[in-house]
Amino acid sequence: RKIMKKYKYYKHKIDYLFAIFLLIILFPIFILITSYVFIFLGRPIIFKQKRPGLNAKPFDIYKFRSMAIQKDFSQNSNFDSIRLNKFGKFLRSTSLDELPSLINVLKGEMSFIGPRPLLMEYLNLYNEEQLTRHKVKPGITGLAQVSGRNKLNWEEKFKKDIYYVTNYNFKLDMKILFLTIWKVVLRYDINSKGDATCSPFKGNNK
């Protein structure tokens, strides 16, 4: 129990140091991806969006943009699929679009492992239990992601998030990290069937 408390205390320090390390060694990849995003998708290079963080406090999450900006297709029911070209799909399937989130970790807004930060508009749709996912920092990867990612329904995702919040420790984090690397290498569990992105959360019992 003492080891768990120490880990929870030092986790943010580990996140900070590991983020610096990765930003340094992955800098050439950052430059390469930036160039390719500019060529295949144009500007802006970085996708920025408000997300709820620790205690539901809003912050700007950073990712490499993986979708084209095409307003002409906004009325199409399959709009996201049209905007997500082959290069965008590659970024997502390899999770390379998540690399700028290392800046969020460095700023103390995110952890490497924790519940994924969802959309701000979902906050008013959560029940009391689901809101507990915001008792820890959101993560670049999490238990729900390695347990099925977008193939899980929303109820299953929240159960995984809540379990993590109440049970996280060094051993669980290492397990999630290992499974994340394994699934990224295999490009497994990327999207729900037939969708470019996961279906939106519409509230409980909907």
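Model, not experiment: these values are computed from the prediction. (Residues numbered from 1 in each chain as written. Predicted model: local features only at pLDDT ≥ 70, side-chain atom pairs only at ≥ 80, totals over all residues. Heavy atoms only, no water.)

A.B. asks: Provide a residue-level description of the overall build of the protein, including the pertinent values.
C.D. replies: Helices and strands together make up the secondary structure of the protein, namely eight helices and four strands. Going residue by residue from the N terminus, the α and β elements of the protein occur as α-α-β-β-α-α-α-β-β-α-α-α. Looking at the protein as a whole, 44% of its 206 residues qualify as buried. As presented, the protein carries roughly 12,600 Å² of accessible surface, and 60% of it is formed by carbon and sulfur atoms. (Helix = DSSP H or I, 4+ residues; strand = E, 2+ residues; numbered from the N terminus. Buried < 20%, exposed > 50% of the residue type's maximum accessible area, 1.4 Å probe, protein only. Areas by Shrake-Rupley, 256 points an atom, 1.4 Å probe, with all protein chains shown as cover.)

A.B. asks: Can you break down the pairing of strand β1 (residues 46-52) residue by residue, with the values?
C.D. replies: In this sheet, strand β2 (residues 58-64) lies alongside β1 in antiparallel orientation, the contact comprising seven bridges. Looking across to β2, one finds that P52 is bridged to P58. (Pairing = 2+ DSSP bridges.)

A.B. asks: Go over helix α8 (residues 170-186), please, and point to the residues and values.
C.D. replies: With 17 residues, α8 extends 24 Å between its outermost C-alpha atoms, agreeing within 8% with the 24 Å of an ideal straight helix rising 1.5 Å per residue. Listed as buried for α8 are L172, D173, I176, T180 and K183. When α8 is viewed along its axis, its buried side chains cluster within an angular range of 95° and face the same direction. Away from its buried face, by an angle of more than 90 degrees, α8 presents the exposed residues K171, K175, F178, W182 and V185. (Expected span 1.5 Å × (residues − 1). Arc of directions from axis to C-beta.)

A.B. asks: Please set out the packing of helix α7 (residues 154-167) against α8 residue by residue, giving values where relevant.
C.D. replies: In the contact formed by α7 and α8, the axes pass within 10 Å of each other and the chain directions differ by 140°. Regarding the angle of α7 to α8, the classification is oblique. As α7 packs across α8, the resulting crossing turns out to be left-handed. Every residue of α8 that contacts α7 at Y163, Y164 and N167 is listed here: L172, D173 and I176. Split into classes, the residues belonging to the contact of α7 with α8 amount to four nonpolar, one polar and one charged. (Axes fitted to C-alpha atoms, helices over the stretch in contact; angles between N-to-C directions. Parallel < 35°, antiparallel > 145°, perpendicular 65-115°, else oblique. Left-handed = near helix turned anticlockwise from the far one by under 90°. Contact = heavy atoms within 4.5 Å. Nonpolar A, V, L, I, M, F, W, Y, C, P; charged D, E, K, R; others polar.)

A.B. asks: Break down the packing of aromatic side chains for me, citing the residues and quoting the values.
C.D. replies: Per the stated rule, a full pass over the model turns up 16 aromatic pairs. Aromatic pair F18 and F21: ring centres 6.3 Å apart, planes at 15°, arrangement stacked. Of this pair, F18 and F21 both sit in helix α1 (residues 2-25), three residues apart, roughly one helical turn. With relative accessibility at 34%, the residue F18 sits in the partly exposed group. Take F21: its relative accessible area is 44%, and that puts it in the partly exposed class. For the ring pair Y122 and W154, a centre distance of 5.6 Å and an interplane angle of 85° mean the geometry is edge-to-face. (Phe/Tyr/Trp six-rings, centres within 6.5 Å; stacked < 30°, edge-to-face > 60°.)

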